[in-house]
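# Summary of structural features
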Amino acid sequence: MTPRILYKRLAMAEVVTWTLLILGMIGKYGFELDWATRVGGGIHGFVFLCYCAATVAVWTDKRWTAGTGLLGLVSAIVPYATVPFERSVERRGLLDGPWRLAPGGEDPSSFPDRVLAFALRSPVVAVLVTVIVVAVVFTLLLAAGPPTEWFS
(Lines give C-alpha, C1' and ligand atoms only; values in the text may rest on other atoms or scores of the structure.)
Protein backbone atom coordinates (compact mmCIF):
# COMPACT_ATOMS: atom_id res chain seq x y z
CA MET A 1 0.00 0.00 0.00
CA THR A 2 1.45 3.33 -1.02
CA PRO A 3 1.52 6.38 1.25
CA ARG A 4 -1.10 8.01 -1.01
CA ILE A 5 -3.58 5.13 -0.69
CA LEU A 6 -3.07 4.77 3.07
CA TYR A 7 -3.50 8.47 3.66
CA LYS A 8 -6.56 8.81 1.40
CA ARG A 9 -8.31 5.91 3.12
CA LEU A 10 -7.63 7.15 6.61
CA ALA A 11 -8.59 10.74 5.75
CA MET A 12 -11.94 9.45 4.47
CA ALA A 13 -12.35 7.16 7.49
CA GLU A 14 -11.89 10.24 9.71
CA VAL A 15 -14.74 11.96 7.85
CA VAL A 16 -17.01 8.93 8.28
CA THR A 17 -16.23 8.60 11.98
CA TRP A 18 -16.68 12.34 12.58
CA THR A 19 -20.16 11.87 11.12
CA LEU A 20 -20.78 8.92 13.47
CA LEU A 21 -19.64 11.01 16.43
CA ILE A 22 -21.86 13.95 15.46
CA LEU A 23 -24.83 11.63 14.94
CA GLY A 24 -24.06 10.11 18.33
CA MET A 25 -24.10 13.56 19.91
CA ILE A 26 -27.44 14.31 18.26
CA GLY A 27 -28.74 11.00 19.61
CA LYS A 28 -27.46 11.72 23.11
CA TYR A 29 -28.55 15.33 23.44
CA GLY A 30 -31.59 15.26 21.17
CA PHE A 31 -33.06 11.88 21.98
CA GLU A 32 -31.43 10.92 25.31
CA LEU A 33 -29.56 7.98 23.78
CA ASP A 34 -26.47 8.03 25.98
CA TRP A 35 -24.99 4.98 24.27
CA ALA A 36 -24.86 6.80 20.93
CA THR A 37 -21.83 8.93 21.83
CA ARG A 38 -20.01 5.95 23.35
CA VAL A 39 -20.35 4.04 20.09
CA GLY A 40 -19.66 6.94 17.71
CA GLY A 41 -16.99 8.40 19.95
CA GLY A 42 -15.25 5.08 20.44
CA ILE A 43 -15.05 4.35 16.73
CA HIS A 44 -13.96 7.90 15.98
CA GLY A 45 -11.31 7.83 18.70
CA PHE A 46 -9.76 4.65 17.35
CA VAL A 47 -9.68 5.94 13.76
CA PHE A 48 -8.33 9.30 15.00
CA LEU A 49 -5.37 7.55 16.62
CA CYS A 50 -4.75 5.48 13.47
CA TYR A 51 -4.85 8.63 11.33
CA CYS A 52 -2.35 10.33 13.63
CA ALA A 53 -0.01 7.31 13.44
CA ALA A 54 -0.29 7.31 9.64
CA THR A 55 0.36 11.06 9.52
CA VAL A 56 3.59 10.63 11.48
CA ALA A 57 4.64 7.73 9.22
CA VAL A 58 3.97 9.63 5.98
CA TRP A 59 5.49 12.82 7.45
CA THR A 60 8.68 10.89 8.23
CA ASP A 61 8.85 8.99 4.96
CA LYS A 62 8.04 11.91 2.67
CA ARG A 63 10.17 14.35 4.68
CA TRP A 64 7.38 16.85 5.22
CA THR A 65 8.26 20.09 6.94
CA ALA A 66 7.33 20.38 10.61
CA GLY A 67 4.55 22.80 9.67
CA THR A 68 3.00 20.38 7.17
CA GLY A 69 3.23 17.46 9.58
CA LEU A 70 1.72 19.41 12.47
CA LEU A 71 -1.06 20.71 10.21
CA GLY A 72 -1.77 17.10 9.24
CA LEU A 73 -2.15 16.18 12.91
CA VAL A 74 -4.30 19.23 13.65
CA SER A 75 -6.56 18.39 10.68
CA ALA A 76 -7.76 15.34 12.62
CA ILE A 77 -9.02 17.56 15.43
CA VAL A 78 -11.15 19.79 13.20
CA PRO A 79 -14.27 18.00 11.88
CA TYR A 80 -13.94 17.02 8.24
CA ALA A 81 -10.56 18.75 7.78
CA THR A 82 -8.58 15.59 6.97
CA VAL A 83 -9.85 15.33 3.38
CA PRO A 84 -8.98 18.93 2.39
CA PHE A 85 -5.57 18.48 4.03
CA GLU A 86 -4.98 15.18 2.23
CA ARG A 87 -5.98 16.75 -1.09
CA SER A 88 -3.67 19.68 -0.44
CA VAL A 89 -0.61 17.51 0.21
CA GLU A 90 -1.49 15.36 -2.81
CA ARG A 91 -1.75 18.42 -5.09
CA ARG A 92 1.68 19.55 -3.89
CA GLY A 93 3.15 16.12 -4.69
CA LEU A 94 3.82 15.29 -1.04
CA LEU A 95 2.25 11.82 -1.33
CA ASP A 96 3.94 10.81 -4.58
CA GLY A 97 5.77 7.56 -5.06
CA PRO A 98 6.35 4.47 -2.99
CA TRP A 99 7.62 4.37 0.58
CA ARG A 100 11.12 5.87 0.60
CA LEU A 101 12.24 3.59 3.43
CA ALA A 102 10.66 0.36 2.16
CA PRO A 103 12.79 -2.73 1.51
CA GLY A 104 15.25 -1.92 -1.25
CA GLY A 105 14.79 1.81 -0.66
CA GLU A 106 16.95 4.35 1.09
CA ASP A 107 18.91 3.50 4.19
CA PRO A 108 17.46 5.15 7.29
CA SER A 109 19.55 8.02 8.61
CA SER A 110 17.72 9.16 11.75
CA PHE A 111 15.88 7.51 14.63
CA PRO A 112 12.41 8.20 13.13
CA ASP A 113 13.67 6.86 9.79
CA ARG A 114 14.96 3.69 11.47
CA VAL A 115 11.65 3.10 13.26
CA LEU A 116 9.66 3.59 10.06
CA ALA A 117 12.10 1.48 8.01
CA PHE A 118 11.69 -1.35 10.53
CA ALA A 119 7.91 -1.00 10.30
CA LEU A 120 7.95 -1.09 6.50
CA ARG A 121 10.37 -4.01 6.40
CA SER A 122 8.54 -6.01 9.08
CA PRO A 123 4.90 -5.12 8.37
CA VAL A 124 3.27 -7.89 10.41
CA VAL A 125 5.23 -6.92 13.52
CA ALA A 126 4.62 -3.24 12.84
CA VAL A 127 0.87 -3.71 12.45
CA LEU A 128 0.69 -5.75 15.65
CA VAL A 129 2.75 -3.20 17.60
CA THR A 130 0.74 -0.29 16.17
CA VAL A 131 -2.59 -1.93 16.97
CA ILE A 132 -1.41 -2.72 20.51
CA VAL A 133 -0.13 0.84 21.09
CA VAL A 134 -3.31 2.37 19.66
CA ALA A 135 -5.45 -0.01 21.75
CA VAL A 136 -3.52 0.86 24.94
CA VAL A 137 -3.79 4.61 24.29
CA PHE A 138 -7.45 4.16 23.37
CA THR A 139 -8.09 2.22 26.60
CA LEU A 140 -6.32 4.85 28.69
CA LEU A 141 -8.38 7.60 27.08
CA LEU A 142 -11.59 5.65 27.69
CA ALA A 143 -10.60 5.24 31.33
CA ALA A 144 -9.96 9.00 31.53
CA GLY A 145 -13.56 9.60 30.46
CA PRO A 146 -14.98 12.16 28.06
CA PRO A 147 -12.61 15.03 27.23
CA THR A 148 -15.20 17.48 28.55
CA GLU A 149 -14.65 16.04 32.04
CA TRP A 150 -10.83 15.97 32.09
CA PHE A 151 -10.41 19.40 33.64
CA SER A 152 -13.61 19.81 35.62
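Before reading on, note that the structure itself is shown above.
Residues numbered from 1 in each chain as written. Predicted model: local features only at pLDDT ≥ 70, side-chain atom pairs only at ≥ 80, totals over all residues. Heavy atoms only, no water.

## Some remarks on the overall build of the protein chain
- The number of helices and strands found in the protein chain is 6 helices and 0 strands.
- Each helix (α) and strand (β) of the protein chain, taken in turn from the N terminus, gives the series α-α-α-α-α-α.
- In terms of its C-alpha atoms, the protein chain occupies a principal-axis envelope of roughly 55 × 30 × 25 Å.
- Within the protein chain, the proportion of its 152 residues that are buried is 35%.
- Taken as a whole, the protein chain presents about 9,100 Å² of accessible surface, with 73% of it coming from carbon and sulfur. (Helix = DSSP H or I, 4+ residues; strand = E, 2+ residues; numbered from the N terminus. Buried < 20%, exposed > 50% of the residue type's maximum accessible area, 1.4 Å probe, protein only. Areas by Shrake-Rupley, 256 points an atom, 1.4 Å probe, with all protein chains shown as cover.)

## Digging into the pattern of salt bridges
- Per the stated rule, a full pass over the model turns up 8 salt bridges.
- A salt bridge links E86 to K8; the nearest nitrogen and oxygen atoms lie 3.4 Å apart. Of the two residues, E86 is situated in helix α4 (residues 82-91) and K8 in helix α1 (residues 3-31); the sequence distance between them amounts to 78 residues.
- You can call E86 buried: its relative accessible area is 3%.
- In this structure, K62 and D61 form a salt bridge, with 4.0 Å as the shortest nitrogen-oxygen distance.
- Through salt bridges with shared partners, a single ionic network connects R4, K8, E86, E90 and D96. (Salt bridge = Lys/Arg side-chain N within 4 Å of Asp/Glu carboxyl O.)

## Some thoughts on α4
- If you check which residues of α4 are buried, you get T82, V83, F85, E86 and V89. Buried positions in α4, seen along its axis, are confined to an arc of 160 degrees and lie on one side of it.
- Looking at the buried side of α4, the elements it contacts are α1, α2 (34-61) and α3 (66-75).
- Of the residues trailing α4, G93 is marked for its positive phi of about 80 degrees. (Arc of directions from axis to C-beta. Contact = heavy atoms within 4.5 Å.)

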